[in-house]
Amino acid sequence: MAGSVNKVVLVGNLGREPEIRHTNTGKKIASFSLATSDVWKDANGGRQEKTEWHRVVVFNPSTADFVERYLKKGSKVYVEGSLQTRKWTDNAGQDRYATEVIVGNYKGEIVLLDPRADAGTDVGISNGAAPDAGWDSSASEGTAPASDFDDEIPF
């Protein structure tokens, strides 16, 4: 195989307010939990639902600004990114792992799907335009390594 693909597309709702952090160099990083649900009827006709939680981390400062400004707990969003698994050692010396959806500096997209009171259109980050029409999440430099975080506990 000549190449590979690491692409994730999710549509779901934020489980809580986005968290905004800054690296030691001052770059803004946004993160949030996104819930996606599958709904089906069981053999008895009863409604069943299974919810999956996904951790989304945004390394692009412009996209992080968008997340901070527009996304709230319960917001319905479209997220496009890639999967990344981080490993770290906790304070007790145990290896820990986290698999996250990364919206990086050069690829990825977030679109707010909720109707807004002050705008009749979707708001998203794509294709380099202003926020209300969307803008590109590729405007900044590379993804910050985990060592740039202000504390030892990953978010």
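Within a regular strand, side chains alternate between the sheet's two faces. Here strand E2 (residues 19-22) runs beside strand E3 (residues 28-41); their pairing, made up of four bridges, is antiparallel. Its bridge partner being in E3, Arg-21 is matched across the sheet by Ile-29. Turn length for the E2-E3 hairpin, with the two strands adjacent in sequence and antiparallel, is five residues, and the turn residue Gly-26 shows positive phi of about 90°.

Before going further, it helps to spend a moment on the pattern of salt bridges. When the charged atoms of two side chains lie near each other, side chains of opposite charge can form a pair. Taken as a whole and assessed by the stated rule, the structure comprises 10 salt bridges. Its salt-bridge partner being Glu-19, residue Arg-21 comes within 2.5 Å of it at the nearest N-O pair. Residue Lys-50 is joined to Glu-52 by a salt bridge in which the shortest nitrogen-to-oxygen separation is 3.1 Å. You can call Lys-50 partly exposed: its relative accessible area is 47%.

The next point concerns the environment of Arg-16. Looking at where Arg-16 falls in the secondary structure, it is placed in the loop between strand E1 (8-14) and E2. Taking the C-alpha atoms as reference points, Arg-16 and Lys-72, separated by 56 residues in sequence, lie 7.1 Å from one another. Ignoring anything within four residues of it in the chain, the contact list for Arg-16 reads Ser-33, Arg-55 and Lys-73.

With that settled, consider the confidence of the model for the protein. Here the protein shows a mean pLDDT of 80. Residues at 70 or above account for 74%. Averaged pLDDT values for the elements of the protein fall to 51 in strand E8 (residues 123-125) and rise to 97 in E1. Segment residues 117-123 is flagged for pLDDT under 50; beyond a separation of four residues in sequence, or across chains, it makes 12 contacts in the model. Between residues 126-155, whose pLDDT stays under 50, and residues either more than four places distant or in other chains, the model counts 84 contacts.

About the criteria used
Residues numbered from 1 in each chain as written. Predicted model: local features only at pLDDT ≥ 70, side-chain atom pairs only at ≥ 80, totals over all residues. Heavy atoms only, no water. Pairing = 2+ DSSP bridges. Helix = DSSP H or I, 4+ residues; strand = E, 2+ residues; numbered from the N terminus. Salt bridge = Lys/Arg side-chain N within 4 Å of Asp/Glu carboxyl O. Buried < 20%, exposed > 50% of the residue type's maximum accessible area, 1.4 Å probe, protein only. Contact = heavy atoms within 4.5 Å. pLDDT = per-residue confidence, 0-100.

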